[in-house]
Amino acid sequence: MSQNRPVQVIAVSGGKGGVGKSNISVNLSIALANMRRRVVLMDADLGLANIDVLLGLSPKHTLADVLAGKCSLPEILMAGPGGIKIVPAASGVQRMAELSSQEHAGVISAFSDLSDQVDVLVIDTAAGISDTVLSFVRAANETLVVVCDEPSSITDAYALIKLLNKEYDLQRFRVVANMTRTSGEGQLMFNKLNSVCERFLDVALQYVGQIPFDENVRHAVQRQKALLDFAPNCKASLALRELAKKVDNWPLPSAPSGKLEFFVERLLQAAGSEY
Ligand SMILES: Nc1ncnc2c1ncn2[C@@H]1O[C@H](COP(=O)(O)OP(=O)(O)O)[C@@H](O)[C@H]1O
Ligand SMILES: [Mg+2]
């Protein structure tokens, strides 16, 4: 793979908790890695250290240590399944808003060193519409909104999209339906969300597909294994690999905005502008 290829930065979001953001983030990352992409998965759910728990990892250091100057970014990266690298969760972004300009520069250069070694950065965001979630989504190149068949899932996804559109002018969103029970269900959910968005907002939503409800997901979580490792041929795994193929075809940001240092600059700006 050529050097200096832009990095695809994808925020996995959805407003509501329990819709499957973390499982999709983990398994999408692994599926992309299996397609020979170099993937870093960032756990940005600062409340619960989700991905560590999902994969049975116990991180010794986090982004907070990088911000404090105690470690370098490569030192905190954990090896995950399928060769993905994981940035463990930390309350780092809350602190990002308070960094001095020298610290800003340090964080940016930490990520810029990583730029040459990464094709895709997947960010697993927390539930809700906190400033932290908004900062990550605003700084990313693509937003993958996860919905499932609960009335509040569509409402919460709408609330997130509305805020990002009205306050920050974001217009492009990708939507994936999770835990579907029938073949047309994902498209129906998308249509519901899309029709309110089209009516009230100036946005372009794109339906990416659906991931079926599959008991294997719960079993994999219980065993602290990634679904793609636990049950590589189950129907949810197949759907996640299909999702990865589509994601891999999304256009890359045009250079230079596709460098990780620019992502981090945007992230710092977004975090700082909330205060
Ligand atoms: N496709 C699926 N089929 C069955 N259960 C699922 C599926 N996706 C997620 N789940 C269940 O939902 C729970 C919450 O998923 P998680 O990824 O942690 O959600 P979030 O990160 O949005 O809070 C998981 O522990 C799992 O049991
Ligand atoms: Mg989660």
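Below: a short report on this structure. (Residues numbered from 1 in each chain as written. Chains lettered and ligands numbered in written order. Predicted model: local features only at pLDDT ≥ 70, side-chain atom pairs only at ≥ 80, totals over all residues. Heavy atoms only, no water.)

## Observations regarding the coordination of the magnesium ion (ligand 2)
Around the magnesium ion (ligand 2), the donor atoms from the protein are Ser22 (OG) and Asn50 (ND2), and they sit 2.1 to 2.6 Å away. Pair noted here: Ser22 is in helix α1 (residues 21-34) and Asn50 is in helix α2 (residues 50-55), with a separation of 28 residues, a long-range link. When its relative accessible area of 11% is taken as the criterion, Ser22 is described as buried. Using a relative accessible area of 22% as the deciding quantity, one classes Asn50 as partly exposed. (Donors = N, O, S within 2.8 Å, 3.2 Å for Na, K, Ca; no water. Helix = DSSP H or I, 4+ residues; strand = E, 2+ residues; numbered from the N terminus. Buried < 20%, exposed > 50% of the residue type's maximum accessible area, 1.4 Å probe, protein only.)

## Section: helix α9 (residues 185-200)
Along an α-helix, a turn takes 3.6 residues, which lines up residues three or four apart on a common side. Here α9 spans 23 Å end to end across 16 residues, near enough to the 22 Å set by a 1.5 Å rise per residue. Residues of α9 that are buried include every one of Glu185, Gly186, Met189, Phe190, Leu193, Asn194 and Cys197, and no others. For α9, the angular spread of the buried residues around the axis is 165°, confining them to a single face. Opposite its buried face, α9 presents the exposed residues Leu188, Lys192, Glu198 and Arg199, each directed more than 90 degrees away. Where α9 is buried, its residues contact β6 (142-148), α8 (151-168), β7 (172-180) and β8 (204-212). (Expected span 1.5 Å × (residues − 1). Arc of directions from axis to C-beta. Contact = heavy atoms within 4.5 Å.)

## Here's the deal with the environment of Leu252
Secondary-structure assignment places Leu252 in the loop between α12 (235-248) and α13 (260-272). Residues Leu252 and Val264, spaced 12 residues apart in sequence, show a C-alpha to C-alpha distance of 17 Å. Beyond its immediate sequence surroundings of up to four residues, Leu252 is in contact with Arg5, Pro6, Gln8 and Asn141.

## Some words on the nonpolar core
Residues Leu193 and Phe263 are the most contacted members of the largest nonpolar core, which totals 54 residues. The element that contributes the greatest number of residues to this core is α8, accounting for six residues. For Phe263, the contacting residues outside a window of four places in its chain are Val9, Leu121, Ile123, Phe136, Ala139 and Ala140. One finds Ala31, Leu32, Val122 and Leu243 within the second-largest nonpolar core, a separate group that totals 39 residues. (Core = buried A, V, L, I, M, F, W, Y, C linked by side-chain atoms within 4.5 Å.)

## What to know about the site of ligand 1
Near ligand 1 there are 16 residues, and of these Gly18, Lys21, Ser22, Asn23 and Asp214 occur at the shortest range. Here an oxygen atom of ligand 1 and a backbone polar atom of Gly18 are 2.7 Å apart. The backbone of Pro212 places a nitrogen or oxygen atom 3.0 Å from a nitrogen atom of ligand 1. Counting residues per element, the ones that place at least two in the shell around ligand 1 are α1, β7, β8 and α10 (215-222). (Near = heavy atom within 4 Å. Polar contact = N/O pair within 3.5 Å; in protein donor to acceptor, adjacent residues only side chain to side chain.)

## Things to note about helix α7 (residues 131-139)
Across the nine residues of α7, seven count as buried, placing the element largely inside the fold. Of all the residues in α7, the buried ones are Thr132, Val133, Leu134, Ser135, Phe136, Val137 and Ala139.

## A look at the pairing of strand β1 (residues 8-13)
Of all six residues in β1, six are buried, a share of seventy percent or more. Here β1 shows two buried faces, one formed by Gln8, Ile10 and Val12 and the other by Val9, Ala11 and Ser13. Bridge analysis of β1 against β6 gives four bridges, and the strand direction is parallel. In the strand pairing of β6, Val12 is matched with Leu144. (Pairing = 2+ DSSP bridges.)

## Some words on the pattern of salt bridges
Pairing between side chains becomes possible if they bear opposite charge and their charged atoms approach one another. Under the counting rule described, the total for this entry stands at eight salt bridges. Between Lys245 and Glu242 there is a salt bridge, with its nearest N and O atoms 3.0 Å apart. Separated by three residues within a single helix, Lys245 and Glu242 lie in helix α12, roughly one turn from each other. Classification of Lys245 as partly exposed rests on a relative accessible area of 45%. (Salt bridge = Lys/Arg side-chain N within 4 Å of Asp/Glu carboxyl O.)

## Comments concerning the side chain of Asn165
Among the secondary structure elements, Asn165 is positioned in helix α8. Engagement of the side chain of Asn165 in a polar contact is seen with the backbone oxygen of Leu170, the distance being 2.9 Å. Among the polar contacts made by the side chain of Asn165, one reaches the main-chain carbonyl oxygen of Asp202 at a distance of 3.2 Å. In this structure, Asn165 is in contact with Leu170, Gln171, Leu201, Asp202 and Val203, ignoring residues within four places of it in sequence.

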